[in-house]
Amino acid sequence: MASSSSAQLTHTVADGVATVVIDHPAKRNAMTDPMWAALPPLLRALAADPGVRVLVLTGAGDTFCAGADISTLASGAGAAQQLAVAAEEALAAFAKPTLAVVRGFCVGGGCQLAAACDLRFAAEDALFGVTPAKLGIVYPASSTRRLAALVGPASAKYLLFSGELIDAGRALRTGLLDEVWPEDELDKRVAEFTRTLAGRSQLTQAAAKEFAAGRTDRDAYWAQQARGSGDTAEGVAAFLERRAPRFAWSPPGD
């Protein structure tokens, strides 16, 4: 069993951006059960931090995540799958914008985590795959639906039925990725884009995130938040004065 020092999630917060790193170099950043279990409480803490406006999820070194640590599945996939789904749902529910930054392999549970983020940027050498058919595992229903919503039923079936890896170009065409960059330009683009996100209205972002996810019971809530936020007045004033806006609204609890 990997020790906590060789299989862990690390994080930093700087300039409004929290960066969570999947760090298990001995197994291409595969997720162990303790790593899956550690992600939801870490996300709760970061969501409650008023200094965090954007979350980046990435892998240590030259790979994103090779999925679940297969050694944890020897006695059955049930318990490990429950942990993975809980981590995925916590990531999908994170109230602020999330961006997966992918290099190398993004496979199985790694692809599950990337799909749970709002956006995905990748290096040109990235490879993607959803591989339960290679192990005789039923992919979780919620994960299957999320994948199909992202890439469409046909592409989801291709990935799930075959377990084959696809390159970043194909992932971009299917909608699994939002942007693809040369390796030496990816970090610069991520820094630029997260800086942009951190400067935008959190009110707009939070409402858009819920609406895009299909939630239909909070229209009145968001209208009330908009009326009391001051963000619209500040955005208009900043535009007219040709300056950067200073949006004040933050999610309740921050």
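Structural data are supplied above this passage.
Residues numbered from 1 in each chain as written. Predicted model: local features only at pLDDT ≥ 70, side-chain atom pairs only at ≥ 80, totals over all residues. Heavy atoms only, no water.

A. The arrangement of the overall build of the protein in detail. In terms of regular secondary structure, the protein is built from 10 helices and nine strands. Taking 254 residues into account, the globule formula puts the C-alpha radius of gyration at 18 Å, and the protein, at 19 Å, falls close to it. Its C-alpha atoms give the protein principal-axis dimensions of about 60 × 40 × 35 Å. Per-residue burial over the protein gives 45% buried out of 254 residues. (Helix = DSSP H or I, 4+ residues; strand = E, 2+ residues; numbered from the N terminus. Rg over C-alpha atoms; globule rule 2.2 N^0.38 Å. Buried < 20%, exposed > 50% of the residue type's maximum accessible area, 1.4 Å probe, protein only.)

B. Quick look at the packing of helix α2 (residues 78-92) against helix α4 (residues 141-151). α4 packs onto α2 with a crossing angle of 45° between their chain directions and a minimal axis gap of 10 Å. Judged by the inter-axis angle, α2 sits oblique to α4. α2 and α4 meet at a crossing whose hand is left-handed. For the pair formed by α2 and α4, the contact residues are Val85, Glu88, Glu89 and Ala92 on the first element and Ser142, Ser143 and Arg146 on the second. (Axes fitted to C-alpha atoms, helices over the stretch in contact; angles between N-to-C directions. Parallel < 35°, antiparallel > 145°, perpendicular 65-115°, else oblique. Left-handed = near helix turned anticlockwise from the far one by under 90°. Contact = heavy atoms within 4.5 Å.)

C. Region of the structure containing the pairing of strand β4 (residues 98-102). Within β4, five of the five residues are buried, which leaves it mostly tucked inside the rest of the structure. Of the two faces of β4, the one lined by Thr98, Ala100 and Val102 and the one lined by Leu99 and Val101 are each fully buried. Sheet topology note: the strand β3 (residues 54-59)/β4 ladder contains four bridges and is parallel. Residue leucine 57 lies in a different strand from β4, and its bridge partner there is alanine 100. Note: β4 against strand β6 (residues 119-123), four bridges, orientation parallel. Counterpart to valine 102 in the pairing with β6 is alanine 122. (Pairing = 2+ DSSP bridges.)

D. The arrangement of the side chain of serine 201 in detail. Tracing the backbone shows serine 201 in the loop between α7 (183-199) and α8 (202-212). Residue serine 201 is classed as buried on the basis of its relative accessible area, which comes to 7%. A polar contact is formed between the side chain of serine 201 and the backbone nitrogen of threonine 204, at a distance of 3.1 Å. Excluding anything up to four places from it in sequence, serine 201 contacts Asp231 and Phe247. (Polar contact = N/O pair within 3.5 Å; in protein donor to acceptor, adjacent residues only side chain to side chain.)

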